[in-house]
Amino acid sequence: VEGIDIMVTIDISESMLIEDMQPENRLESVKQTVRDFISQRTSDRLGLVVFSGESYTRVPLTLDYEVLQKSLAELKTSRNIKMGTAIGVALANASGRLRDSDAKSRVIILLTDGENNTGLIDPLTALRIAKGYGIKVY
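Visitor: Before we go on, may I ask you to explain the overall build of the protein in this structure?
Guide: The helix and strand inventory of the protein stands at 4 helices and 5 strands. What you see in the protein, going N to C, is helices and strands ordered as β-α-β-β-α-α-β-α-β. A globule of 138 residues ought to have a C-alpha radius of gyration of about 14 Å, and the protein, at 14 Å, matches this closely. Expressed along its principal axes, the backbone C-alpha trace of the protein runs to roughly 40 × 30 × 20 Å. When contacts within the protein are restricted to residue pairs at least 6 apart in sequence, long-range pairs at least 24 apart make up 73% of them. Carbon and sulfur atoms form 50% of the exposed surface of the protein, whose accessible area is close to 7400 Å². Across the protein, 17 positive and 19 negative side-chain charges occur, with their mean positions spaced 5 Å apart.

Visitor: In this structure, what is going on with the packing of helix α1 (residues 26-39) against helix α2 (residues 65-73)? I would like to understand it.
Guide: The description of two helices packed together rests on the angle between their axes and the distance between the axes. Running from N to C, α1 and α2 cross one another at 175 degrees; their axes reach a closest spacing of 10 Å. It follows that α1 is roughly antiparallel to α2 by the angle criterion. From α1, Lys31, Val34, Arg35, Ile38 and Ser39 reach across to α2, where they touch Tyr65, Leu68, Gln69, Leu72 and Ala73. A per-class count over the contact of α1 with α2 returns 6 nonpolar, 2 polar and 2 charged.

Visitor: Just to check I follow, could you spell out the sheet that holds strand β3 (residues 55-62) for this structure?
Guide: To summarise the sheet geometry, strands pair through backbone hydrogen bonds and adopt either a parallel or an antiparallel arrangement. If you walk across this open sheet you meet the 5 strands as β3-β2-β1-β4-β5, and the pairing is mixed. Only two strands of the sheet have a single partner each, and these edge strands are β3 and β5 (136-137). Pairing of strand β2 (residues 45-51) with β3 involves 5 bridges; the strand directions are antiparallel. Note on β3: the bridge partner recorded for Leu46 is Thr62.

Visitor: Looking at this model, I keep getting lost on the pattern of salt bridges. Mind explaining?
Guide: Pairing between side chains of opposite charge can happen when the charged atoms of each approach one another. Applying the stated criterion across every chain yields a total of 8 salt bridges. The closest approach of N and O atoms between Arg99 and Asp100, which form a salt bridge, is 3.6 Å. Several salt bridges converge on common partners, so that one network encompasses Asp20, Arg26 and Asp113.

Visitor: Whenever I open this one, helix α3 (residues 87-99) confuses me. Can you help?
Guide: Since the α-helix advances by 3.6 residues per turn, residues separated by three or four positions end up pointing in the same direction. With 13 residues, α3 extends 18 Å between its outermost C-alpha atoms, agreeing within 8% with the 18 Å of an ideal straight helix rising 1.5 Å per residue. The set of residues buried in α3 consists of Ile87, Gly88, Ala90, Leu91, Ala92, Asn93, Ala94, Ser95 and Leu98.

Conventions we followed
Residues numbered from 1 in each chain as written. Predicted model: local features only at pLDDT ≥ 70, side-chain atom pairs only at ≥ 80, totals over all residues. Heavy atoms only, no water. Helix = DSSP H or I, 4+ residues; strand = E, 2+ residues; numbered from the N terminus. Rg over C-alpha atoms; globule rule 2.2 N^0.38 Å. Contact = heavy atoms within 4.5 Å. Areas by Shrake-Rupley, 256 points an atom, 1.4 Å probe, with all protein chains shown as cover. Lys, Arg positive; Asp, Glu negative; His and termini not counted. Charge placed at Lys NZ, Arg CZ, Asp CG, Glu CD. Axes fitted to C-alpha atoms, helices over the stretch in contact; angles between N-to-C directions. Parallel < 35°, antiparallel > 145°, perpendicular 65-115°, else oblique. Nonpolar A, V, L, I, M, F, W, Y, C, P; charged D, E, K, R; others polar. Pairing = 2+ DSSP bridges. Salt bridge = Lys/Arg side-chain N within 4 Å of Asp/Glu carboxyl O. Expected span 1.5 Å × (residues − 1). Buried < 20%, exposed > 50% of the residue type's maximum accessible area, 1.4 Å probe, protein only.

Encoded structure:
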């Protein structure tokens, strides 16, 4: 079965620690949702991009779901990267990871609780970049 390539892009800014969602806070809720999503995949390559004021690729595209689950379990907010919510930068990073993929379908799933408030790339520009590569953003 031919799978699709999916970059899961998660906000790890401090606002994700607000305790208004189950099981504990926004970040833990997102992690649980993504864990469930990963467990339902069988032939899709998945990758993980995280961001706050800047973005980095935590796991490149892979079929190794165990590595993804482990990385996701260890995910937490960090004061070691710039503060803020750089949605455009995160989308551009995820798009770059999918740009050279030869999968018939390429998708970015963006999970955030905030508005873009920092970064050199605004979200609409990043969205146009993704669409230009034929990537769908959800």
